[in-house]
Structures are given as structure tokens and as C-alpha cells.
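Architecture and fold: a report
Spelled out, the chains give:
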Amino acid sequence: MKAAVDTIAAGGMSARDTILLRVREALRLPAPMPHFKSLVPSGGSDIPSPHAGGSSSAGHAGLAILPLDVARPWLPDGGDTPESQLAILANNLEKLRAQMHRVADLSAAADFVLSLARTRDWHRVAYHGHALVEPLLAGVPCATYRVDGADAFDKSALEHCDAGITACDAIVAQTGSILVSSATSGGRALSILPHVHIVVATLDQIVSTLGDALHAAKHRGAGRMPSMLSFITGPSRTGDIERIPRLGAHGPKELILILVG
Amino acid sequence: MIAQDAQSPQWAKKKFLHDAKVHVQDTGHRTFVQKALGGYFLSRDAQKARYRDWEQARDAASLAKWSAVNRLDELLPLFVANFEANGGQVHWARDAEEARRIILDLVREAKAKAIIKSKCMTSEEIHLNAALEKDGYGVIESDLGEFIQQLRGEPPYHFVFPCMHVRREEISELFGKFLGTPPTNSPEELTMIARRHMRQLYVDADVGITGANFLVAETGQISITENEGNARLTAALPRVHISLSGIEKVVEHLDDLAVLLPMLATAGAGQQMTCYNTLYSGPRRDGECDGPDEMHLVLLDNSRTAILADPEQRDSLHCIRCGACLNVCPIFKNVGGFTYGTTYQGPIGSVITPHLRGLSDWNHLSAASSLCGACSDVCPVRIDIHHHLLHNRRNAARTVPNRWEKFGHQIFVIVASRPWLFAAGGAIFRHTLGMLKRLPVPLLRDWLATRTLPAAPRKSFRQQWRQAGKDSL
């Protein structure tokens, strides 16, 4: 079959058309749909199956039942109340060796940033324009560097900043992940290049699961997503040397989440 | 490191047998690699325990990949249309040579002076670095493990843990030699040396090359999973971002990642989530303050459609390259990663390499298996890996019949279907067992070189059975 396709391709067919033709030819023979015990509607079980009520037959008819648009009660728990979500989040962040600080309001958050800058003797802190971020820099005893100004920022200057402060899109309790994007977190580099990443967020930005965060991002983007969306789960790490985990490989060595509210 | 294909027949098999023998006897190496995996097993089990039902999660992950791979004809064009609508540029490559040419052209057009690269096994598959260097382009691997392997002049040992076989003392010496740093015994300090060395390189690079873990059809995004932040930096700072991906990485829905990302992390590295899971949909947008001006995606076939055309083994395209099957494989743990001589090592590599590089040269990998099924048991997307090794053996026997094996089976059929002949053969065998070692048959000699023959029983099974029957009366 491949030979036949390639004979056609030799007649000046583009790589795109050749590959798509090979794909179509390859898929002429159907592969059986996997059989899973857990996917058989189990009648009486509390756990909904991913395609309960759907056809179990193979082929394209059976595919229409996807995606698995259910609560996914088999994945790690993300909590179903704000209290349980916060508790799961705090536990996850602690295991990830990320820091979490709860403050009552933005002025308390600003005090916290001020004390960080002072005790660590920071020289320059990078940030972006955002209603949650800008108030935190009001009193810092060091230089500041805004990366989303009118002109392109200088990469070397950002690299020399001690910390980057950003807002975020959402916080996922289930995995302790912070969702940042190029639209709401000051572009791509601010949340990854400086040695310390400080995220400021409000309590209502906490969602239960990754699915919830992805769903919200898709709808917020309304067909045009930011060019980058990133789930940050703890400080940068590596296990490449003898499989011994170490923090601060290339990204921030410290991740500090300030939760307001 | 691995010499190319234009060699004597069965060179790959001969190399495998030779290297396997060397590694199996190197107990220091085996102990070191198994110790390095020890922490992985502990953290993987702890993370798996957080799933309310790991087996159902595997079903869901498997179904998401099955439904995408079996509709690649529909989803691949959908992905490309959405990716292009986001401002990205797509290039199609039928094979490794075409992919290298496309990337070289892009690098040339970008007038690249410095290229930074994050971990991408597909680029190892097409030997991209060698091609770039041959044309005079410097390229730096930014993932710590890949960087160490680049300095050592070796391919990755394990496709997820590239330098898991290297001791910290060797890394310290390597950094001393290439970066001029003082010796240290601390993994922490070694990590910091690489970090400091790499920082300015990200800033200076004008082209960044990455791989892709998933291509999301409905949104036209590519998803990249990493721990270190080097891929984030590679896709943030250079002016041009080039991503290289196999065509099989498509998933239909953004939502599929809610299952696949945590499972990749848990199965692959014993984490609840890998540190950075990033979705890219094209170059910098209006209103964004940074990001590349151009984003290119090279979509590679390179015989993936040959696997797709085999319904029996199509599910091996579900692979998300977590490496879990390597970590549990008794063969991998004994012969080590380099012995395979392939880009993708371990059980999944043994399944797909014969498709990617030819069954006649690479079928011996399918025999390097105890068929214990540990690989299939841990696969997060439920690929039937160990049965595919059997399928490969069957296919090889059909396409490249082994005359001696066939002859042996014919003799066996004659003997086994005649009880008197079977008894006579057994008697002869029992009395000559000790002489087997001395027979000049290479297969027997190799087999017995590392194994002790048991003493032959005086009576056959049938004689003993009859005796037992009498005794019990």
C-alpha cells in the first residue's frame, strides 16, 4: 500500500498530501475499540462511566460519545467546596515546596512583598500592569521593571531581576497548579526567567480540577486563546543527576503564592 | 554513536548481543541504575495512591488516544487549520531527511547565530543536531540531562531520564573540562552550574527548537511537558520558535489533557503534575509583550503511517513517551539503555523500532523480552506492549523465515506425535544432557555460558507418573 501511495507521490504530490493520503489508506482497516471492564455501564455503581449510555460498538459511530465530559471521579480529588479546595491546594503546595501566604487585602499583600524585598535585599523586581500586581509595588525599597510597557523589554535586564510578580488565570486545587498565560501574566518570560516567581491571586480564582481550569480558559479565550498558557506546578526542578530531585533547574527556584481574601 | 545502517547484515543484532553481554556483567552499572530508579518507584506509588481509581483513569486515557489515532485523517487537518489560524506555520515531512532539510532552511532564513533546544526525542530520531552542526550551526541542549549527554557525545540512555547512568563525579569532571568549574560532589551545585551557564545562552539565542507532547486539534495548540523550565525559556526568548512533532501526537479536545497530563507525570516520573505543562498557539499576539515573531511546526511521518496501517499494533501510536515501561522492564534494567541502539529504548522501543527502521534488522529486539507483561501493566494508555513483541516475532517469522527454526519445529512435530519416538528421544536426551555443553552449536554455547544445567532425572516423567500411580494404589 505504502508503495502505491509513494508511486502517486512521485508524481509531484506535496508532503502534506502524501502523508494525509497515507493516513487515509492506513485507516481503511479499523482497529478494534479497547474493551474495558470499567467502561461497561455497571448499573448501581456510584461511579459514572465515561460513556454511560453511549454505544459500545466500534467504529466512528462509537466515537461520537467522546469527549469524556464527566466529573472524572477516578482522578485525584480536587474538592467540591471552597474550604476543601483550599485545604487540598495548601497540602499540594506544601508537598511541591511552593510557598503560600494568605493575606486579608492588597495592602497586607504589599506589606508582605515589602518585607520580602527588604530581608532578601532585592535590587530590582519585575512586574506587569495588572490591578492585583501594581498595588504590591507601591512601597518596595528597590527598583522595579515593568515588562509590558510600550516598548519591548530588555531580556538581559529581566534576567537580572531578583523576582517577577504576576497575576494568574486560575489555581488548580487538584494538582496545586497555577495557570498563567501570556495575556494575564505579563507575557511569556516574566513568570519563568527571574529567580523568584511571586503570584498574586484572589481566593475565587481557585478551581477544583485541571478540567475546570481548561474549560474556563477555553471559554475565556472565546476561540482565540492567548499564545501561551502554562500550568506551573511548584518551583522549577530536575532529577537528572542520579534521579535526586533538586529545585531551580532553569526556571524560578522559589514559587510564592499570595492569596488575597 | 551508533553507526548507520549501511553495514553488514544483522549488524544491529550483533551489536545488541555484544553490548548486552558487556552490560549484564557490569554489576556496578546495574546496581547504580536500579538504585537510581528506586526513588521513582516510591514516588510513583505515592502519586498513584492519590487517584481514586487508577485503572479507570488508564481506561479514559487509553480511550482518548484511541479515538484520536483512529481519526487522524480528520483530526490532523483540523489541528493544522486551527494552528494556522492562530498564526503558526506548518511544515510536513515524509521522512527524517525531509524534516532535517525543512529545519535547516528555517534556521538559514532566520540567519541564526545561536540555537537553543529543549528536550525532543523526535529530534534524536532524525539526528537533527548532527545535521545542524554539519552546516555550521551551534546548538545547545538546555535540558540538564540532554546537556550532559551532549557534552559526553552520547545519545540519551533513557528517553525520559537521558543521563540516569552517569555518576555525579563524572558530571563534575565533565563540567570541569568543558565549563572550567571546580570539582563538586553535590547534585545541587552541579545543577546550579548548568543553570548559570545556560542563562545568557537563552538570552542570546535567536532560534529555539522544542518538541511537542500533544497537539490539540480543537484549539490548534501544542502542549509541552517539562520540569526544568528550559522549554518555557526556549519558547519565550528567541525570535523564532520551531517545534518538531510526530503526527500521532494529536488529541481531539483540550479537555483530554485534564486526564493525560497528570497521568504522564505520574507514570513517567512519579509526580502529580510535571512542573511546567504549557500550551502554545502560535507566535506572539498583538498586545503581548514578548514571545517569538514566528512559530513553525514540523509534522513528521517517518514511518508512523506504517504503524497506523497495522490495526493490530496501531495502539503503539497511543504512546505518550512516559518511559514507565522502561523503568519496570527486567531486560532494560539488565542490559541498559545503550544496548538497544535505538532512539526509543525499552519495551515500547522494541515494538516500534522494527516499524520505523525495518523488521529484518530490528526484530531481535522483540526477542529481548521475558514476556512478563510488566510493561503492559504499567502503561498509562494501556498499550498491549508485550503481545506486540510476540506479534513482531510472528511477523518476522513470516517475512524472514528462519530455516533452522522451521526445521527444528518440523523435527519436533514428528517426534512429539509418536509416543515411542518421544520416549526414545527422551532417554537419549537424559543420558547425554551433560554433553550438551561441549557441542559446537553457538546458540547452545551462549545459552549455557551463563546458566547451570540441572542434573538429568534417571527416569522420564511418564515413568515417574506410572510409578506414582502404582504407589498410590
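Calculation rules
Residues numbered from 1 in each chain as written. Chains lettered and ligands numbered in written order. Predicted model: local features only at pLDDT ≥ 70, side-chain atom pairs only at ≥ 80, totals over all residues. Helix = DSSP H or I, 4+ residues; strand = E, 2+ residues; numbered from the N terminus. Buried ≥ 20, exposed ≤ 12 C-beta atoms within 10 Å, placed from the backbone. Contact = placed C-beta atoms within 7 Å. Pairing = 2+ DSSP bridges. Axes fitted to C-alpha atoms, helices over the stretch in contact; angles between N-to-C directions. Left-handed = near helix turned anticlockwise from the far one by under 90°. Nonpolar A, V, L, I, M, F, W, Y, C, P; charged D, E, K, R; others polar. Core = buried A, V, L, I, M, F, W, Y, C linked by C-beta atoms within 7 Å. Domains from an automatic or database assignment. Expected span 1.5 Å × (residues − 1). Bend = angle between axes of the 7 residues up to and from the residue. pLDDT = per-residue confidence, 0-100.

All right, on to the overall build of chain A then. Secondary structure assignment for chain A yields seven helices and 12 strands. Taken over 261 residues, chain A has a buried fraction of 46%. Pairs at least 24 residues apart make up 63% of the contacts formed inside chain A by residues separated by at least 6 positions.

A few words now on the interface of chain A and chain B. Counting residues at the interface gives 79 residues for chain A, matched by 94 residues for chain B. Going through the elements one at a time, α2 (15–26), α6 (155–159), α7 (210–221), β9 (228–232) and β10 (237–238) of chain A are the ones with two or more residues in the side of chain A that touches chain B. Relative to strand β9 (residues 276–280) of chain B, β9 of chain A runs antiparallel, the two being bridged by five bridges. Bridging across to β9 of chain B, Met228 of chain A finds its partner in Tyr280 of chain B.

With that out of the way, let us pick up the sheet that holds β9 of chain A. Either a parallel or an antiparallel arrangement is found when strands of a sheet pair, and the pairing is made through backbone hydrogen bonds. As summarised here, the arrangement of the eight strands in space is β8(A)-β5(A)-β6(A)-β9(A)-β9(B)-β6(B)-β5(B)-β8(B), forming an open sheet in which the pairing is mixed. At either end of the open sheet lies a strand with only one pairing partner, and these are β8 (206–207) of chain A together with β8 (250–251) of chain B. Strand contacts of helix α12 (residues 257–269) of chain B: β5 (214–216), β6 (221–226), β8 and β9 of chain B, with the helix running at about 20° to β6 of chain B, the strand carrying the most contacts.

All names here are of chain B. Between helix α16 (residues 346–357) and helix α20 (residues 385–399), the least distance of the axes is 9 Å, while the angle of their chain directions is 35°. Note on packing geometry: the crossing formed by α16 with α20 is left-handed. In this structure, α16 uses Pro347, Ile348, Ser350, Val351 and Pro354 to contact α20, whose residues at the interface are Ile385, His386, His388, Leu389 and Asn392. Residue composition of the contact of α16 with α20, grouped by class: six nonpolar, four polar and no charged.

Formed by 193 residues in total, the largest nonpolar core has its most connected members in Val200 and Leu257 of chain A together with Leu260, Val298 and Cys325 of chain B. Ranked by the residues each element gives to this core, the list is headed by α12 of chain B, at 10 residues. If we skip the residues at most four places from it in the chain, Leu260 of chain B touches Ala61, Ala64, Phe214, Val251 and Ile320 of chain B.

All names here are of chain B. As for its placement among the helices and strands, Cys322 is situated in the loop between α13 (304–308) and α14 (324–328). Cys322 sits in the buried class, given 25 other C-beta atoms within 10 Å. In this structure the C-alpha to C-alpha distance between Cys322 and Met263, which are 59 residues apart in sequence, comes to 8.9 Å. Once you skip the residues sitting within four places of it in the chain, Cys322 turns out to touch Val160, Leu264, Ala267, Gly268 and Pro380.

Time to look at the environment of Leu128 of chain B. Residues and elements named next belong to chain B. With respect to the helices, strands and loops of the structure, Leu128 is situated in helix α7 (residues 128–134). The exposure class assigned to Leu128 is buried, which follows from the 23 C-beta atoms found within 10 Å. Each C-alpha atom, one on Leu128 and one on Leu390, is 32 Å from the other, the two residues being 262 residues apart in sequence. Non-local contacts of Leu128, meaning those with residues more than four positions away in its chain, are made with Arg100, Ile103 and Ser123.

For the rest of this paragraph, the subject is the domain arrangement of chain B. Per the domain assignment, the segments making up chain B are domain 1 (1–50 + 324–401), domain 2 (54–302) and domain 3 (415–472). Of note, the centres of domain 1 of chain B and domain 3 of chain B, computed from C-alpha atoms alone, are 32 Å apart.

In this section: helix α10 (residues 187–204) of chain B. Residue and element names in this part refer to chain B. Over its 18 residues, α10 runs 27 Å from end to end, which matches the ideal 26 Å to within 8%, given 1.5 Å per residue. Where α10 bends most, at Met198, the angle is about 30°. Within α10 the residues assigned to the buried category are Pro187, Leu190, Thr191, Ala194, Arg195, Met198, Tyr202 and Val203.

All names here are of chain A. Pairing is parallel across the open sheet formed by six strands, whose spatial order is β1-β12-β7-β4-β2-β3. At either end of the open sheet lies a strand with only one pairing partner, and these are β1 (99–103) and β3 (143–146). Each neighbouring strand pair of the sheet contributes to a mean axis angle of 20°, computed without reference to strand direction.

Let's shift gears to unusual backbone geometry. All names here are of chain A. For Arg243, which is not a glycine, the phi torsion comes out positive at approximately 60°. If you trace the backbone, Arg243 turns up in the loop between β10 and β11 (246–247). On the basis of neighbour counts, which here come to 20 C-beta atoms within 10 Å, the residue Arg243 falls in the buried class.

For residues with low pLDDT, the predicted coordinates do not support detailed interpretation. Scored by pLDDT, chain A has a mean of 86; 82% of the residues are at 70 or more. Across residues 40–69 of chain A, where pLDDT falls below 50, the model places 36 contacts with residues more than four positions away in sequence or in other chains.

On to the pairing of strand β12 (residues 254–260) of chain A, then. Residue and element names in this part refer to chain A. Buried residues dominate β12, accounting for six of its seven residues. Here β1 pairs with β12 via five bridges, running parallel. Note on β12: the bridge partner recorded for Met100 is Leu257. Strand direction decides the pairing type here: strand β7 (residues 196–202) and β12, joined by seven bridges, are parallel. From the neighbouring strand, Ile198 faces β12, where its bridge partner is Ile256.

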